[in-house]
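What the coordinates show
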Amino acid sequence: MKIAVISRDPELYANCRLQAVANERGVELTVIDPLVCHEAQFLESFDAALPRFGPIWQVPGGELLARMQAHGVVCLNTAESVALARDKQAAMAIYHHRGLPIPVSFSPSTPMDARSLMGLPFGFPMLIKQDVSAGGWGVHRVDDVESAVALMARLSEAGERYTLQAFIAEAAGRDIRAFVCSGHVIAAMQRIAAPGEFRANVSLGARTEAIALTENETALVLEATASIGLTVAGVDLLRTATGPLLLEVNAAPGFEALEAATGRDIAGQMLDLVISRTNGQNMTVNNQIIR
């Protein structure tokens, strides 16, 4: 069996772990660069593909993934679902339509002036989130009208799309990352932001601890993932007194910190799911059948 991982960097933790697991299972795994031109015959030689490219490479990565789908390659996350997950405004519209609890958000088509900002249903501080963001980069906290107007002007001049969102102070720099694999949560952790930092990203110094999700949190995680059409996803939540809030569904989540915090073999479960789907079989994870 031949499996392709669509990614720019073979040395990333996730790619190295997937490679090690593939070697253990006697599977040939190759990391292929979405910026390289690949012949159809080469792409057709793979049985399955795992999209692991970052948001900045969405266009070439999505095009390559779509080509592999067209050649009949089994893809756990489809090109359509990855593109939807990366389109934050479209994804938020779906969550809102389904009645999923999300922070109050607004996506302006043009920069807002001071008067318009003061008319929003939430005040300062607020978050301005770029559509292309990852690892905390592209997520900004603004504390006043002047800062917000200036930042929106800079982003618009650079052609960046962005969303304004209520800042949930109650979360106190903590969030939850849950990892979904074919309709099941296989691992979850809480991230606690570094002192003085509002973003709970491990790349920004956050510490982690394994947690168990509540029934409401699990239901929200699985419904959010299904609404985007993803098979494998990382879902971010906030805990509040009124229940969980959905922040984001990630189409190619990293899992280094999650494996370290929980001790779960996420790479192994992902690869076993790829193998079972390619062979047209079912697999069992935590005593549950995954199709």
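As a reminder, the structure under discussion sits directly above these lines.
Attention in this report is confined to the structure presented alongside it. (Residues numbered from 1 in each chain as written. Predicted model: local features only at pLDDT ≥ 70, side-chain atom pairs only at ≥ 80, totals over all residues. Heavy atoms only, no water.)

1. Observations regarding the overall build of the chain
Put simply, the rule reads: Under the DSSP-based scheme used, a helix requires at least four consecutive residues in state H or I and a strand at least two consecutive residues in state E, with every element numbered from the N terminus. In this description the radius of gyration comes from C-alpha coordinates, and the expected globular size is given by 2.2 Å times residues to the power 0.38. Categorising residues by exposure relies on relative accessible area from a 1.4 Å probe, with only protein chains included: less than 20% of the type maximum marks a residue as buried, more than 50% marks it as exposed, and the intermediate range marks it as partly exposed. Note on areas: Shrake-Rupley, 1.4 Å probe, and residue coverage restricted to the protein chains presented here.
Along the chain, the regular secondary structure elements total 10 helices and 15 strands. In terms of overall size, the chain behaves like a compact globule, its C-alpha atoms giving a radius of gyration of 19 Å where 291 residues would be expected to give roughly 19 Å. Along the three orthogonal principal directions, the C-alpha set of the chain runs to about 60 × 40 × 35 Å. The buried share of the chain, taken over its 291 residues, is 47%. Just so you have it, the chain exposes about 13300 Å², and 51% of that area is on carbon and sulfur atoms.

2. Thoughts on the sheet that holds strand β6 (residues 126-134)
Quick note on the threshold: What makes two strands pair is DSSP finding at least two bridges between them. Residue contacts are counted whenever heavy atoms from the two residues lie within 4.5 Å of one another. Axis lines are fitted to C-alpha atoms, over the contacting stretch for helices. Their N-to-C directions set the angle, which ranges from 0 to 180 degrees.
Taken in spatial order, the four strands line up as β5-β8-β6-β7 in an open sheet, and their pairing is antiparallel. The sheet is open, and its two borders are formed by β5 (105-106) and β7 (137-142), each paired with just one other strand. Bridge count for β5 against strand β8 (residues 162-166) is two bridges, and the pairing is antiparallel. Bridged to Ser105 within β8 is Gln165. Where helix α7 (residues 145-157) meets the sheet, it contacts β6, β7 and β8, and its direction lies at approximately 20° from that of β6.

3. What about the pairing of strand β13 (residues 243-250)?
Along β13, six of the eight residues are buried, which leaves the element largely enclosed by surrounding structure. Here seven bridges tie strand β12 (residues 232-240) to β13, and the two strands are oriented antiparallel to one another. Looking at the pairing, Leu237 lines up with Leu246 of β13. The hairpin formed by β12 and β13 contains two residues between the paired strands.

4. Brief notes about unusual backbone geometry
Looking along the chain, the bond that leaves Phe124 and enters Pro125 is cis, with omega of 0°. Within the secondary structure layout, Pro125 lies in the loop between α6 (114-118) and β6. In this model, Ala172 sits at a positive phi of 55°, which is unusual for a non-glycine residue. The residue Ala172 is located in the loop between β8 and β9 (174-181) in this model.

5. Focus on helix α5 (residues 88-97)
To keep it simple, the criterion reads: Note: the arc covers the axis-to-C-beta directions of the helix.
Looking at α5, one finds that the buried residues are Lys88, Gln89, Ala91, Met92 and Tyr95. The buried residues of α5 occupy one face: seen down the axis, they fall within an arc of 160°. In this fold, the buried residues of α5 make contact with α4 (79-86), β5, β6, β8, α8 (215-228) and β13. A positive phi of about 75° marks Gly99, the residue just after α5.

6. Points about empty space enclosed by the protein
Here is the rule we go by: Buriedness for pockets is judged along seven lines, at least five of which must meet protein on both sides within 12 Å for an open set on the 1 Å grid over protein atoms alone, while cavities are sets there where a 1.4 Å probe fits but cannot get out, and lining residues have an atom within 4 Å of a point. Grid points are joined across faces, edges and corners, and a volume is the space filled by probe spheres set on the points. The nonpolar class holds Ala, Val, Leu, Ile, Met, Phe, Trp, Tyr, Cys and Pro. Asp, Glu, Lys and Arg form the charged class, and all remaining residues, Gly among them, are polar.
If you walk through the whole model with that rule in mind, you get one cavity of 30 Å³ or more. Considered as a void within the structure, the largest cavity measures approximately 40 Å³ in volume. In this structure, the largest cavity is lined by Leu50, Pro51, Arg52, Leu76, Asn77, Val232, Ala251 and Met270. Class assignment of the residues belonging to the lining of the largest cavity gives a composition of six nonpolar, one polar and one charged.

7. With respect to the sheet that holds strand β2 (residues 28-32)
On the basis of which strands lie adjacent, the open sheet formed by four strands has the order β2-β1-β3-β4 and parallel pairing. At either margin of the open sheet sits one strand with a lone partner, and together these are β2 and β4 (74-75). Sheet analysis places strand β1 (residues 2-6) next to β2, joined by five bridges and oriented parallel. Counted as the bridge partner of Ile3 is Leu29 from β2. Those strands touched by helix α3 (residues 58-70) are β1, β2, β3 (48-51) and β4, and its axis lies near 155° from that of β1.

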